[in-house]
Amino acid sequence: QLQPVESGGGLVQAGGSLRLSCAASGSIVSMAWYRQPPGKQRELVATISSGGRTNYADSVKGRFTISRDNAKNTVYLQMNGLKPEDTAVYYCNVVRVGMDSWGKGTLVTVSP
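Conventions we followed
- Residues numbered from 1 in each chain as written.
- Predicted model: local features only at pLDDT ≥ 70, side-chain atom pairs only at ≥ 80, totals over all residues.
- Heavy atoms only, no water.
- Pairing = 2+ DSSP bridges.
- Helix = DSSP H or I, 4+ residues; strand = E, 2+ residues; numbered from the N terminus.
- Phe/Tyr/Trp six-rings, centres within 6.5 Å; stacked < 30°, edge-to-face > 60°.
- Lys NZ or Arg CZ within 6 Å of the ring centre and 35° of its normal.
- Axes fitted to C-alpha atoms, helices over the stretch in contact; angles between N-to-C directions.

**Student:** For this particular structure, what's the right way to read the pairing of strand S5 (residues 43–49)?
**Tutor:** Note that strand S4 (residues 28–36) and S5 share six bridges and pair antiparallel. Considered in S5, the bridge of Tyr34 is made with Leu44. Direction of pairing for S5 relative to strand S6 (residues 54–56): antiparallel, over a ladder of three bridges. The partner of Ala46 across the bridge, within S6, is Tyr56.

See below:
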């Protein structure tokens, strides 16, 4: 099966931390985290290539860290200093040669 599986979402108070995980399979080119706040469009949060090159949205830079374990085909998103505006469904996107796959998402809720 090609669909990645996210985990680690939950409810946290402002200033707290969460660590999201995304497990996948196959020959992966890159992996990324997206999020969709309530009533808003999905947006890119962070990306990481198979070689470890990372990119971040300005809104999370300095607070979130994306990392990966190629042997396990798993990507992580460490989220620190969470803010209420980080509340969203977080989705994992996995890019393989010729296709990409989306997880079903994991909900992160940050209370004031």
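**Student:** What's the story with the packing of aromatic side chains in this structure? I'm lost.
**Tutor:** The geometry of an aromatic ring pair is captured by two quantities: the separation of the ring centres and the angle between the planes. Enumeration according to the criterion identifies one aromatic pair in this entry. Over the face of the ring belonging to Tyr91 we find Arg42, whose NZ or CZ atom lies 3.7 Å from the ring centre. Across from the ring centre of Trp102, 4.7 Å away, lies the NZ or CZ of Arg42, which sits over that ring.

**Student:** What is the right way to read the sheet that holds strand S8 (residues 74–79) from this model?
**Tutor:** Strand pairing in a sheet relies on backbone hydrogen bonds, with the paired strands running either antiparallel or parallel. Ordered in space as S1-S3-S8-S7, the four strands form an open sheet in which the pairing is antiparallel. Only two strands of the sheet have a single neighbouring strand rather than two, namely strand S1 (5–7) and strand S7 (64–69). Shown here is a sheet whose adjacent strand axes are inclined to one another by a mean of 15 degrees, direction ignored. Relative to S8, strand S3 (residues 18–23) runs antiparallel, the two being bridged by six bridges. Bridge pairing in S8 links Leu20 to Leu77.

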